[in-house]
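Summary of structural features
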Amino acid sequence: MRWGMLIDLKKCIGCHACTVACQQEHNLPFGERWNRVLRVGPVGEYPNLTSYFLPVPCMHCEDAPCVDGCPTGASRKRADGIVVVDELKCVGCKFCMVACPYGVRHYNEEKGIVEKCIMCFDRLDEGKAPRCVETCQLKARYIGDLDDPNSEIVQLIRKKSARPLHEELGTRPAVYYIFP
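Residues numbered from 1 in each chain as written. Predicted model: local features only at pLDDT ≥ 70, side-chain atom pairs only at ≥ 80, totals over all residues. Heavy atoms only, no water.

**Examining the pattern of salt bridges**
Under the defined criterion, the tally for this structure stands at 11 salt bridges. A salt bridge links lysine 111 to glutamate 87, with the shortest nitrogen-to-oxygen separation between them at 3.6 Å. With a gap of 24 residues between them, lysine 111 in the loop between β6 (106-108) and β7 (113-115) and glutamate 87 in the loop between β5 (83-85) and α3 (95-99) connect regions that are remote in the sequence. Judged by its relative accessible area of 47%, lysine 111 is partly exposed. Overall, glutamate 87 belongs to the partly exposed group, its relative accessible area being 45%. Two residues, glutamate 126 and lysine 128, come together in a salt bridge whose shortest N-O distance is 3.4 Å. For lysine 128, a relative accessible area of 42% puts it in the partly exposed group. The network of salt bridges with shared partners includes Glu25, Arg123, Arg131 and Glu134. (Salt bridge = Lys/Arg side-chain N within 4 Å of Asp/Glu carboxyl O. Helix = DSSP H or I, 4+ residues; strand = E, 2+ residues; numbered from the N terminus. Buried < 20%, exposed > 50% of the residue type's maximum accessible area, 1.4 Å probe, protein only.)

**A closer look at the side chain of arginine 2**
Here arginine 2 shows up in the segment before β1 (3-8). Of the polar contacts made by the side chain of arginine 2, one reaches the backbone oxygen of histidine 60; its length is 3.5 Å. At 2.8 Å, the side chain of arginine 2 forms a polar contact with the backbone oxygen of arginine 172. Setting aside chain neighbours within four positions, we find arginine 2 in contact with His60, Cys61, Glu62, Asp80, Gly81, Gly144, Asp145, Leu146, Asp147, Arg172, Pro173 and Ala174. (Polar contact = N/O pair within 3.5 Å; in protein donor to acceptor, adjacent residues only side chain to side chain. Contact = heavy atoms within 4.5 Å.)

**Observations regarding the environment of glycine 81**
Residue placement: glycine 81 occurs in the loop between β4 (75-77) and β5. Look at glycine 81 and you get buried, because its relative accessible area is 8%. Placed 21 residues apart in sequence, glycine 81 and histidine 60 show a C-alpha to C-alpha distance of 6.7 Å.

**Thoughts on the pairing of strand β3 (residues 48-56)**
Summarising the sheet, strand β2 (residues 36-45) and β3 pair through 8 bridges and their orientation is antiparallel. If you follow valine 37 over to β3, its bridge partner there is proline 55. Count of turn residues in the β2/β3 antiparallel hairpin: 2 residues. (Pairing = 2+ DSSP bridges.)

**Some words on the environment of leucine 88**
Along the chain, the position of leucine 88 falls in the loop between β5 and α3. Exposure remark for leucine 88: the relative accessible area of 82% places this residue in the exposed category. For the pair leucine 88 and glutamate 126, spaced 38 residues apart in the sequence, the C-alpha separation amounts to 24 Å.

**Considerations on helix α6 (residues 152-159)**
Among all positions in α6, only Ile153, Val154, Leu156 and Ile157 are buried. Here the buried residues of α6 occupy an arc of 165° about the axis, which is enough to place them on one side. Residues of α6 that are exposed and point over 90 degrees away from its buried face: Glu152, Arg158 and Lys159. Buried residues in α6 make contact with β1, β8 (141-145) and β9 (175-178). (Arc of directions from axis to C-beta.)

Here is the structure:
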């Protein structure tokens with residue numbers, strides 16, 4: 001079992017509801033966002049230009065440089081593939097922030113530790129969807145088991161030719177995108 005997420009960028013309208021829901025769920029400080037939503041574009045060639053929104057949570061990489069580089073073992077991967085940070089072991093050295101090629105880790109000044117998206121593993125353990133998935137009114141996000149070839153997420157990844165961000169980095173992210 002390996003948890004994964006699929007985000008359909010054709011459906012995302014950049015409303016930031018996922019970002020706000022995440023901040024509320026995890027009681028994050030005002031400026032801390034575990035799920036940034038970027039605007040990409042314009043892309044293409046005139047007159048056929050377009051732009052789209054790109055939500056960027058932690059990619060929960062299978063070969064996670066943040067886990068490999070953590071000097072205290074605070075960053076680790078659960079058996080289900082979710083990358084987490086142990087608050088009791090994190091010393092706030094920020095090495096994981098440098099190691100992460102996606103820039104999704106945040107230093108919490110108040111706590112003196114690094115934090116990131118945890119794919120709402122506590123909700124998943126209870127059989128609930130992560131807050132960002134649950135909140136998306138346009139159903140642009142899917143969650144599921146990447147190891148199950150019959151799961152909805154795997155079927156959609158195949159059918160829609162979804163791919164992760166920066167596949168060339170070789171970190172094997174668990175977040176896939178359907179690009180416009």
